[in-house]
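Structural characterization, general
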Amino acid sequence: MKKRVVLTGSNGQLGKSLTSILLREGYQVIGIDQHHDDDDDVDNYFKFCVDITKEEEVAQFFQNMECKEDIVGLVNNAGIAVFSPFEDRTYAEIKSVMDVNIAGTILMTKSFMKTLQEYPRNKRIVNLGSIYGGVAPDLSIYGDTPRMSSEIYGMTKAAVVNFTQYLASYYRGVNATFNCVSPGGIESSQGEFFKRHYANKVPLGRMADVSEIADVISFLLSDKASYINGENIFVDGGFTKW
């Protein structure tokens, strides 16, 4: 019997890396995003376009899902941010981030648990937080990149951590675990100024490779993490520890 994992934000940097790792470990991946880059077929990877901020669309996705009894995990990886200056923040920007990062995570988790309540298999839910759900960003390190972490992004990620703890308490006695992974900065196309100054704030002296975050999520989905519940795990090279 195949083990299947539902992954939101599957078309993003972390989503793609996690998909590759899960496929390699023998899972089937049900990837959810609003858009997918290509139409190439990959064995055991099934793509769906779902707007996780729309309650009816999420509910319909789970109602139509096949082989529900094989689902073992949900990764709430989808998330967005805004990068305009705080003084220019608009209500539309605030709402857009809250809709995806908070409401989308709640709607997916609610429908996942409701849909699978009749199946006794272990269920693993992993939410994505951020270091900026626990500490404020040092805006002086952004220099040559306009993608500064915003107040609303950090606020929503702090909410995700609290939501994770709530779930562990709410589903007491249910065969399910709920954990959160809070990544540090993942190296991609940032400017050299930012990369250098960010690395100087990390005891390990570098940014994360995306696979280092994906590996921890994969671990939390596995039976090796069967007694970890309600935790927020910082995967940040020590960034938040000094």
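These lines cover the structure that appears in this document, whether it is placed above or below.

The rules behind the values
- Residues take numbers from 1 onward in each chain, read along the sequence in its written order.
- With the structure being a predicted model, the display of local features is reserved for residues of pLDDT at least 70 and the display and counting of side-chain atom pairs for 80 or more, all residues being used for whole-chain, interface and lining totals.
- Values reported for side chains reflect all heavy atoms of the structure, with hydrogen atoms and water molecules removed beforehand.
- Buried and open spaces are told apart on a 1 Å grid over the protein atoms alone, a cavity being a set of points where a 1.4 Å probe fits but cannot get out and a pocket being an open set with protein on both sides within 12 Å along at least five of seven lines. Residues with an atom within 4 Å of a point are the lining residues.
- Grid points are joined across faces, edges and corners, and a volume is the space filled by probe spheres set on the points.
- Helix and strand assignments come from DSSP, with helices taken as H or I runs of at least 4 residues and strands as E runs of at least 2, each series counted from the N terminus.
- Summary of the burial criterion: residues with accessible area below 20% of their type's maximum are buried, those above 50% are exposed, and those between are partly exposed, where the area comes from a 1.4 Å probe applied to protein chains only.
- Pairing between strands is defined by DSSP: at least two bridges between the two strands are required.
- Handedness rule for crossovers: strands pointing away from the viewer, path from the first strand over the helix to the second running clockwise, crossover right-handed.
- The contact criterion used is simple: two residues touch if any of their non-hydrogen atoms lie within 4.5 Å.
- Between the N-to-C directions of two axes lies an angle of 0 to 180 degrees, each axis being a line fitted to C-alpha atoms and, for a helix, fitted only over the stretch in contact.
- Any angle that falls under 35 degrees is termed roughly parallel, while one over 145 is termed roughly antiparallel, one within 65 to 115 roughly perpendicular, and all others oblique.
- Take the far helix as the reference: if the near one is turned anticlockwise from it by less than a right angle, the crossing is left-handed, and if turned clockwise, right-handed.
- In this classification, the charged set is Asp, Glu, Lys and Arg, the nonpolar set is Ala, Val, Leu, Ile, Met, Phe, Trp, Tyr, Cys and Pro, and all remaining amino acids, among them Gly, are polar.
- A pair of aromatic rings is counted whenever rings of Phe, Tyr or Trp (Trp by its six-membered ring) have centres within 6.5 Å, and the orientation is called stacked for planes under 30 degrees apart, edge-to-face for over 60 and tilted otherwise.

With respect to empty space enclosed by the protein
Using the criterion set out here, one finds 1 cavity of 30 Å³ or more in the structure. Estimates place the volume of the largest cavity at around 30 Å³. Residue lining of the largest cavity: Asn 76, Ala 78, Asn 101, Thr 105, Asn 127, Leu 128, Lys 157 and Val 160, and that is the complete set. Looking at the lining of the largest cavity, the elements with two or more residues in it are helix H3 (91-116), strand E5 (123-128) and helix H4 (151-170).

A few points about the pairing of strand E2 (residues 28-33)
In terms of residue burial, E2 counts as a mostly covered element, since 6 of its 6 residues are buried. Side-chain alternation along E2 places Gln 28, Ile 30 and Ile 32 on one buried face and Val 29, Gly 31 and Asp 33 on a second face that is also buried. One ladder, built from 5 bridges, connects strand E1 (residues 4-8) with E2; its direction is parallel. Residue pairing in the sheet places Arg 4 in a bridge with Gln 28 of E2. Following the chain from E1 across helix H1 (residues 13-24) to the adjacent parallel E2, one finds a crossover that is right-handed. Judged from the 5 bridges that link them, E2 and strand E3 (residues 45-49) form a sheet pairing that is parallel. Across the sheet, Asp 33 pairs through a bridge with Cys 49, a residue of E3.

Regarding the pairing of E5
With 6 of 6 residues buried, E5 lies mostly within the body of the structure. Neither face of E5 is exposed, since Lys 123, Ile 125 and Asn 127 on one face and Arg 124, Val 126 and Leu 128 on the opposite face are all buried. In the sheet, strand E4 (residues 71-76) pairs with E5 via 4 bridges, with the strands oriented parallel. Across the sheet, Asn 76 pairs through a bridge with Asn 127, a residue of E5. Taken together, the 6 bridges between E5 and strand E6 (residues 176-183) define a ladder with parallel strand orientation. By the bridge assignment for E6, Leu 128 is matched with Val 181.

A few points about the environment of Asn 76
Structurally, Asn 76 is set in strand E4. Of the residues examined, Asn 76 reaches a relative accessible area of 3% and is grouped as buried. In sequence terms Asn 76 and Tyr 153 are 77 residues apart; their C-alpha atoms lie 15 Å from each other. Leave out the neighbours within four places in its chain, and Asn 76 touches Thr 8, Thr 105, Met 108, Thr 109, Ile 125, Val 126, Asn 127 and Leu 128.

Structural notes on the packing of H1 against helix H6 (residues 210-221)
Between H1 and H6, the least distance of the axes is 9 Å, while the angle of their chain directions is 55 degrees. One way to sum up the angle between H1 and H6 is to call them oblique. The way H1 lies across H6 gives a crossing that is right-handed. Residues Gln 13, Leu 14, Ser 17, Leu 18, Ile 21 and Leu 22 of H1 lie in contact with H6, whose contacting residues are Val 210, Ser 211, Ile 213, Ala 214, Asp 215, Ile 217, Ser 218 and Leu 221. For the contact of H1 with H6, a count of residues per class yields 9 nonpolar, 4 polar and 1 charged.

Re the packing of aromatic side chains
Any two aromatic rings considered together are summarised by their centre-to-centre distance and by the angle between their planes. Evaluation of the coordinates by the stated rule reveals 10 aromatic pairs. Note on Phe 61 and Phe 62: the rings are 5.1 Å apart at their centroids and 75 degrees apart in plane angle, and the pair reads as edge-to-face. Overall, Phe 62 belongs to the buried group, its relative accessible area being 2%. Note on Tyr 142 and Phe 194: the rings are 5.0 Å apart at their centroids and 35 degrees apart in plane angle, and the pair reads as tilted. Of this pair, Tyr 142 sits in the loop between E5 and H4 while Phe 194 sits in helix H5 (residues 192-200), placing them 52 residues apart in sequence.

Topic: the layout of surface pockets
In this structure, the largest pocket occupies an estimated 1200 Å³ of space. The wall of the largest pocket is formed by 42 residues, among which Gly 79, Ala 81, Phe 83, Arg 147 and Tyr 153 lie closest to the centre. Listed by contribution, the elements that provide at least two residues to the lining of the largest pocket are H1, E2, H4 and H5. In terms of residues, the lining of the largest pocket owes the most to one element, H1, which gives 3 residues. Class assignment for the residues of the lining of the largest pocket results in 20 nonpolar, 18 polar and 4 charged.

Quick notes on the sheet that holds E1
Strand order across the open sheet formed by 7 strands is E3-E2-E1-E4-E5-E6-E7, with parallel pairing between neighbours. Both outer strands of the open sheet, E3 and strand E7 (232-235), are each paired with one neighbouring strand and no more. Ignoring strand direction, the axes of neighbouring strands in this sheet form an average angle of 20 degrees. Sheet strands in contact with H1 are E1, E2, E3, E4 and E5, and its direction is about 175 degrees off that of E1.

Keep in mind that these numbers describe shape and distance, not what the molecule does.
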